[in-house]
Amino acid sequence: MNRQTMTISLDVNGQRHVLDTAAHHSLLDVLRNDLDLIGTKECCAEGECGACTVWMDGKAVNSCLVLAVEADGGEITTIEGLAGEGELSPLQSAFIEEGAVQCGFCIPGMVMAAAYLLEHNERPTEAEIREALSGNLCRCAGYKRIVRAVQRAAGSGP
Amino acid sequence: MSIPNVGAPAGRVGGFDRVTGRQRYIADLRLEDALHVKLVTLPCARARIVGIDTSEAARVPGVRAVFTAADLPDPMPRYGVHYDDRPVLAVGETKFHGEPVAAVAADTLDAAREAAGLVTVDYEELPPVLDVRGALDPAAPLVVDPDLRPGDPLADTNIRREFRYAWGDVDAATADLVIENTYTFPMVTHFAIEPHGFAVSSDESGVIVWSSIQHPYILQRVMARVLGLPWSKVRVIAPDPGGAFGGKGYPKFEPLLAFMSMASGRPCRLVLTLEETFQAVRRNSAEVRIRTGFDSDGRLRFQDIGADFLMGAYVDISERVISKSSHLAAGPYRVPNARILARALHSHTPPSTAMRGFGTPQFTWALEQQMDEAARRLGLDRLEIRLRNLARKGEEIVPNDTPADGDWFESVQKAVDAIGWSGPLPEGRARGLAVGIKSSATAGAAYSIVRFLYDGSVLVLVGTSDMGQGARTILTQIVSDELGVPPDAVTIVMGDTAAAPFDYSTSASRSTVFMGSSVMRGCADLKDQVRSIAARLRGLPPDDIGVDRGMVTFPDGEEKGIVEVVQEGLGPVGGELIAVASMRGEADPSHPIGGRPWFYEFNCTAVELEVDRLTGEVLIHKHVTVGDVGKAINPLQVESQDEGAAIMGLGHTLMEHLVLDEHGRIANLGALDYRIPTTKDLPLDLESVIVENEDGPGPYGAKGVGEGGLLCVAAAVASAVSEATGVVIRDLPLTPERIWRAMSRAGVTPSGASRR
């Protein structure tokens, strides 16, 4: 196994971190294990489930598919950075109000994917929401209320 | 408080932590000094282990232990729920693809992974038993060593148990129409988004086990038994599971971690990959042969049902899945004569376990298609034939069992109205409808401790798990209303056997009925205590004092808050009021399944869909799921659970199945190849409807919910697909390929159906 490490620098939720990482570690590994940002979840580790969705340089990415060294110099936003400490963004509030949350394990990734959509499309149609969230798996909730939560946050209503 | 919480769509307790990423699941726990464990498995299901060389693995820096069977007590410790049948590590022969033959513990996960890859296993692959036919072949190898089944008359077969139920006389019954078919239901997996995780620390005072488990007290019992410890020395800490659906009910690798922790003197943790999770649990696949007799007017005369369930290598809870579901195999109908034989078979496949519906979807798939075929052959409407046979409230469905406990016609009518059953259909569309029923818990015990603290807040200790179904929210609503305490002042403590008293399990949709009732009793006890205190303070008989919704009412009309009375009664020294309560359902050994179900989950599902004639793809325009829930303590949670169940049902209906290769390996191992529904598979319109008649045994007349919405989805969709295309498919899932092939065989052309 390659035990080579590299020094990388990340701006995570507005805070700068310089750290050594193994060449094969993913951004997800670094967020969870080195920076203890456990809000980002690991499920499939192959880019299919979306549980590890974060923003990197303004784009929503599956952090399990991004090598930490690829993120070097990048600006990362995780679920912990979406709203101020102890606060909720309107989207997060909408998830609670619409009953979109059950076990919650997929929710951080789901929220990050939905927030990314709303950044780029303030009034998405239902079809656009479904498309934008199609890479985020949920096994509890049946998606309907997740879609509604995004609609509520966008003020576009069901 | 102005509005009652019970019956209101109260927000989820724990919602804030879940949308902010603060919720700590098993993989988020940090144990100081913990070793990371990686399992070593073979690339086939069944193999004779000739030798294992761990020397190279042990040399990897950071590796603290490499365990094989030789490092465990001899004979190999075995564990399980029904039987102690599962070895801590494979010994002699592996029984399924994914069964560990060795395990590595290291300071880092990287080191553990690297070392696991360097364990060299000399093995000889042996032919596996992978399906029902293979298991029943007289020449088949025995999955379970007969020496492990002493005194078992079936020990020299791959049949673990046979369950037989009968009433009336099927052989003597006459019928105008007899329909006989075989239906298959595939292996599917739970696919909770949270993979399974475990950790164990040990010292001379006992072990602490962390696990994403639904039933902490079952884990405590099994761990105590396999380790030879008193229960009091096994503490189970169970963080809220990130989805479970039955898959996280029973022990998996906790015993292995305990032995590794005892040997290494360090805590050991293992978080499975999704692929390893797939190999750890699945639903029982089944083959259901069914012969049904009808009168010419469509009334059921008999059901003759034979079912083979492929359990896999170890029993886990499957024997119960099979015995319980087959007892209700004839469904929610009046069936004068029935004969049911269900067999639990071993195979060299991952062990199956409980999964939402608990064996019932397999039978419902067969039963409801039989009703459709009879309707077609007798020229009856598919709804009408069901209405002619559906049991009325109070009517017996299985002799000497719980009678129909709800107005099931009301549920069907609501589904019919919502889907517009007899309304005009747009071109190319068809509708389908089906019903399903599942037995709830037959026995159990739910203990709770309700503590009214000096400041008027309430602490509730329960052994129930909140895995997304929202048990915390429901219990909070109940306590809030019963004691008149704001929901914010109620804290539900779960998931620690050192804190919360015994709960039998979080299964069979039981928690609202069992734990809800237990907590209700705790609240009633507290109110009595408050009444006694008030009586003592005023020198009045307790019966003269009212306690309701947080207020104490005296005979002179004066009202005081409970808190004031409690504080006055306890005085400056302080203290608290404590209620210990329980709700027990005793087992009945004389009953075929150990007791009558406390309630049924009844569901009616109706769909409107179209089938692409070129590709065989199904597009669901509308999906209606109707559940008879007694009382929705939280309508939002009821509806959203039923929606989730409906979509999970669409998974096994349209796309999900574990495919095995000739080595017994799961060919579609992982999220890339095993598809579950996404937002794009969601029906264009999904509607969840609740029937509330307050006729359940739980608090305020509630029944359990959460499984019903899945039971008959496949049959409802298949019904519509047959209507749309004229072809009948008896194997799941209804993939585009399968539908396309069936249409091609039947000569269905893109321009129109060729009805037969």
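Residues numbered from 1 in each chain as written. Chains lettered and ligands numbered in written order. Predicted model: local features only at pLDDT ≥ 70, side-chain atom pairs only at ≥ 80, totals over all residues.

**Regarding the overall build of chain B**
Step number 1: Scanning chain B for helices and strands turns up 18 helices and 28 strands.
Step number 2: A compact globule built from 756 residues would reach a C-alpha radius of gyration of about 27 Å, and chain B, at 27 Å, matches this within 12%.
Step number 3: Overall, chain B is about 85 × 70 × 50 Å in size when its C-alpha atoms are taken along their principal axes.
Step number 4: For chain B, buried positions account for 59% of its 756 residues. (Helix = DSSP H or I, 4+ residues; strand = E, 2+ residues; numbered from the N terminus. Rg over C-alpha atoms; globule rule 2.2 N^0.38 Å. Buried ≥ 20, exposed ≤ 12 C-beta atoms within 10 Å, placed from the backbone.)

**Section: the interface of chain A and chain B**
By convention, interface size is frequently given as the accessible area that disappears when the constituent parts associate.
Step number 1: Between chain A and chain B, the contact holds 42 residues from the first and 44 residues from the second.
Step number 2: Elements supplying a minimum of two residues to the side of chain A that touches chain B: α2 (90–97), α3 (107–120) and α5 (144–154) of chain A. (Contact = placed C-beta atoms within 7 Å.)

**With respect to the domain arrangement of chain B**
Residue and element names in this part refer to chain B.
Step number 1: We note that the domain assignment places domain 1 (15–22 + 444–585), domain 2 (31–126 + 190–280) and domain 3 (358–441 + 598–746) within chain B.
Step number 2: Here the C-alpha centre of domain 2 lies 39 Å away from the C-alpha centre of domain 1.
Step number 3: Facing the 14 residues of domain 1 at the interface are 17 residues of domain 2.
Step number 4: Broken down by class, the residue content of the side of domain 1 that touches domain 2 amounts to three nonpolar, eight polar and three charged. (Domains from an automatic or database assignment. Nonpolar A, V, L, I, M, F, W, Y, C, P; charged D, E, K, R; others polar.)

**Some details on the sheet that holds strand β2 (residues 47–53) of chain B**
Residue and element names in this part refer to chain B.
Step number 1: An order of β6-β2-β8 is seen for the three strands of this open sheet, with the pairing classed as antiparallel. Looking along the sheet, the strands with just one partner apiece sit at the ends: β6 (93–94) and β8 (120–125).
Step number 2: Sheet topology note: the β2/β6 ladder contains two bridges and is antiparallel. Within the sheet, the bridge partner assigned to alanine 47 lies in β6 and is threonine 94. (Pairing = 2+ DSSP bridges.)

**Observations regarding unusual backbone geometry**
Residues and elements named next belong to chain B.
Step number 1: Residue proline 75 is bonded to the preceding aspartate 74 through a cis peptide linkage, with omega at 0°.
Step number 2: Tracing the sequence through the fold places proline 75 in the loop between β3 (63–68) and β4 (78–79).
Step number 3: With omega at -5°, the peptide bond leading from leucine 732 into proline 733 counts as cis.
Step number 4: Mapped onto the secondary structure, proline 733 falls in the loop between α17 (713–725) and α18 (736–746).

**As for the domain arrangement of chain A**
All names here are of chain A.
Step number 1: Split by domain assignment, chain A resolves into domain 1 (5–80) and domain 2 (90–154).
Step number 2: Computed from C-alpha atoms alone, the centre-to-centre distance between domain 1 and domain 2 is 21 Å.
Step number 3: With twelve residues of domain 1 in contact, the opposing surface of domain 2 contributes eleven residues.
Step number 4: Sorting elements by how many residues they give to the side of domain 1 that touches domain 2 places strand β3 (residues 53–56) first, with three residues.

**What to know about the pairing of strand β7 (residues 102–106) of chain B**
Residues and elements named next belong to chain B.
Step number 1: Most of β7 is tucked away, with five of its five residues classed as buried.
Step number 2: On β7, burial covers both faces: Ala102, Val104 and Ala106 on one face and Ala103 and Ala105 on the other are all buried.
Step number 3: Looking at chain direction, strand β1 (residues 35–40) and β7 are connected through five bridges and run antiparallel. Within the sheet, the bridge partner assigned to valine 40 lies in β7 and is alanine 102.
Step number 4: Sheet topology places β3 next to β7; five bridges connect them, and they run antiparallel. Among the inter-strand pairings, valine 63 is bridged to a residue of β7, identified as alanine 106.

**Comments concerning the nonpolar core**
Step number 1: Judged by nonpolar contacts, the single largest core of 295 residues is most densely connected at A:Val111, B:Ala103, B:Val104, B:Ala115, B:Leu257, B:Val479 and B:Val717.
Step number 2: The element best represented in this core is helix α13 (residues 511–538) of chain B, accounting for ten residues.
Step number 3: In this structure B:Val717 touches B:Gly432, B:Val607, B:Leu609, B:Val618, B:Thr653 and B:Leu734, once residues within four positions along its chain are discounted. (Core = buried A, V, L, I, M, F, W, Y, C linked by C-beta atoms within 7 Å.)

**Comments concerning α18(B)**
Count 3.6 residues to each turn of an α-helix, and residues three or four apart come out pointing the same way.
All names here are of chain B.
Step number 1: For α18, the full list of buried residues reads Ile739, Trp740, Ala742 and Met743. Buried residues along α18 cover an arc of 165° about the axis, so they all sit on one side. Of the exposed residues in α18, the ones pointing more than 90 degrees away from its buried face are Glu737, Ser744 and Arg745.
Step number 2: Check the buried side of α18 and you find it contacts β26 (600–611) and α17.
Step number 3: One or two positions beyond α18, positive phi appears at glycine 747, with a value near 75°. (Arc of directions from axis to C-beta.)

**A short note on the packing of helix α9 (residues 360–378) of chain B against α17(B)**
Residues and elements named next belong to chain B.
Step number 1: It is at 8 Å that the axes of α9 and α17 come closest, and there the two elements cross at 30°. For α9 against α17, the interelement crossing comes out right-handed. Contacts from Pro361, Thr364, Trp365, Glu368, Gln369 and Asp372 of α9 reach α17 at Ala714, Ala715, Ala718, Ser719 and Ser722.
Step number 2: Considered class by class, the residues forming the contact of α9 with α17 number five nonpolar, four polar and two charged. (Axes fitted to C-alpha atoms, helices over the stretch in contact; angles between N-to-C directions. Left-handed = near helix turned anticlockwise from the far one by under 90°.)

**Comments concerning the environment of A:Ser93**
Step number 1: In this structure, A:Ser93 sits in helix α2.
Step number 2: The sequence separation of A:Ser93 and A:Asp20 amounts to 73 residues, and the corresponding C-alpha distance is 36 Å.

**Considerations on the pairing of strand β18 (residues 429–439) of chain B**
Residue and element names in this part refer to chain B.
Step number 1: Most of β18 is tucked away: nine of the eleven residues are buried.
Step number 2: Both β18 and β26 contribute to a ladder of eleven bridges, which runs antiparallel. Within the sheet, the bridge partner assigned to leucine 433 lies in β26 and is alanine 606.

**Overview of the sheet that holds strand β24 (residues 559–561) of chain B**
Residues and elements named next belong to chain B.
Step number 1: A sheet is described by the order of its strands in space; here three strands give the open sequence β22-β23-β24, paired in antiparallel fashion. Both outer strands of the open sheet, β22 (546–548) and β24, are each paired with one neighbouring strand and no more. Averaged over all adjacent pairs, the angle separating strand axes in this sheet is 25°, with direction ignored.
Step number 2: Of the pairings in the sheet, the one linking strand β23 (residues 551–553) to β24 comprises three bridges and is antiparallel in character. Bridge pairing in β24 places methionine 551 opposite glycine 561.

**Observations concerning the environment of B:Gln413**
Step number 1: On the secondary structure map, B:Gln413 appears in helix α11 (residues 408–419).
Step number 2: Spatially, the C-alpha atom of B:Gln413 lies 9.8 Å from that of B:Leu387, the residues being 26 residues apart in sequence.

**Some details on the confidence of the model for chain B**
Step number 1: For chain B, the mean per-residue pLDDT works out to 97, and 99% of the residues sit at or above 70.
Step number 2: Interface predicted TM-score (ipTM) for the complex: 0.97; the corresponding pTM is 0.97. (pLDDT = per-residue confidence, 0-100.)

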